[in-house]
Amino acid sequence: MEPRPQKPRPQTPPTGATQPVSQPGTPAAPQPTQQIPYQPGHDPAAFVAPSRMEYDYSPLDLQPPGQRRKRQIIAGIIGALVVVAISALIVAGWMALRDDDKGGNNTNDDNRVAELTASPTAPPTDESQVSTPGAESTTPPETEVTPTVPPTAVPTFPVFDATTIRSALPVVESMPGPFVEAGDTPSTFADVVDALGGDPSIETTLTDLGWQASMQRSYTSSEPETTGTTIITVSVHAFKDEVSAQSALDLYATILGSIGWTPVDWDQYGGGSRLLTWTDPTSGEESVSIYVVDGNLLYRVRATGPAGFDSTENAIWVVNQIVQN
């Protein structure tokens, strides 16, 4: 709404002929009556308003149109933001009430269904326990499940010959005290058969056990007064596997016992062991023999000392060195 125009300012009186001023005491001369011509006033319709930039807004305390337009735009933006915020709050409240109503309705519906379907004599819910008269059971019979056993790895054993069997014998440092090596004695298959009695059944048994090679090594004491045992002999026999070596253990110990050696009960070592003792009737020397299985190898440790000396501890010392290596 545009402001009303201001009233026109008073106009300057028209200029005309001045009347003479009478002197005091002098009677004024009569002046002829002069007709003053009509001066038309300001026509309001002919008033032209000034431009907006030059208009004086101070009487109405108004701001220029540019500033008012800015204020209107800012007010519109603030109003729009307020409307959006109120709408968001209304929608969020409505969604929360809807979720609560939905959850409560589901719970009430579930309870209602449970009440309708419940029965004081309801049958078991397990379908496997429900049977219909005259109908065959559709449940398949239980089948016995056999557990899967992973295959057991077959152990492998080294193969020896007349040369490599030498590496299976203990070194002199394995002896119980100051000993020196007295040489190695290889044994052929025929030598082993003869040492075990020469019976044809011995040859067949050794063949079945997979005999591979045999060798013997002797150690003599350099200080018999310290070691007590004067000589230690270690022989080794290689077979195809550990089971065969354990069978050979029983065979060798049985044959040794049949020629005068006495078996002695004692603790087991390695994969199996036997201990036997013997006293030489001529010299009186006492000997101890221990058979022990280590893998596919069968060892015999024989320790001999003077009469009255028990070499069992020295023989056990050597057996421990063999089994631990």
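Cut-offs applied
Residues numbered from 1 in each chain as written. Predicted model: local features only at pLDDT ≥ 70, side-chain atom pairs only at ≥ 80, totals over all residues. Heavy atoms only, no water. Helix = DSSP H or I, 4+ residues; strand = E, 2+ residues; numbered from the N terminus. Buried < 20%, exposed > 50% of the residue type's maximum accessible area, 1.4 Å probe, protein only. Areas by Shrake-Rupley, 256 points an atom, 1.4 Å probe, with all protein chains shown as cover. Pairing = 2+ DSSP bridges. Axes fitted to C-alpha atoms, helices over the stretch in contact; angles between N-to-C directions. Contact = heavy atoms within 4.5 Å. Salt bridge = Lys/Arg side-chain N within 4 Å of Asp/Glu carboxyl O.

Colleague: Describe the overall build of the chain, listing the residues and the values that go with them.
Modeller: The helix and strand inventory of the chain stands at six helices and seven strands. Its helices and strands taken in sequence order, the chain reads α-β-α-α-β-α-β-α-β-β-β-β-α from the N to the C terminus. Put simply, the chain has 325 residues, and 25% of those count as buried. In the structure as shown, the chain presents an accessible area of about 23,700 Å², 57% of it carried by carbon and sulfur atoms.

Colleague: Requested: an account of the sheet that holds strand β6 (residues 286-294), with residues and values cited.
Modeller: The seven strands lie next to each other as β1-β2-β3-β7-β6-β5-β4, forming an open sheet whose pairing is antiparallel. Taken across any chain shown, the strands that pair with only one partner, and hence form the sheet edges, are β1 (179-187) and β4 (262-264). Ignoring strand direction, the axes of neighbouring strands in this sheet form an average angle of 20 degrees. Here strand β5 (residues 273-279) runs beside β6; their pairing, made up of seven bridges, is antiparallel. For Arg274, the partnering residue across the bridge sits in β6 and is Tyr291. Sheet strands touched by helix α6 (residues 312-324): β3 (231-238), β5, β6 and β7 (297-305). Its angle to β6, the strand with the most contacts, is close to 20 degrees.

Colleague: Could you give me a rundown of the pattern of salt bridges, with the residues and numbers involved?
Modeller: This model, assessed by the stated rule, comprises four salt bridges. The partner of Glu181 in a salt bridge is Arg217, with the nearest N and O atoms 3.9 Å apart. With Glu181 in strand β1 and Arg217 in strand β2 (residues 213-221), this residue pair connects regions lying 36 residues apart in the sequence. When its relative accessible area of 42% is taken as the criterion, Glu181 is described as partly exposed. Look at Arg217 and you get buried, because its relative accessible area is 7%. A cluster of three or more residues bridged by salt bridges with shared partners is formed by Arg166, Glu181, Asp184 and Arg217.

Structural measurements only, silent on function.
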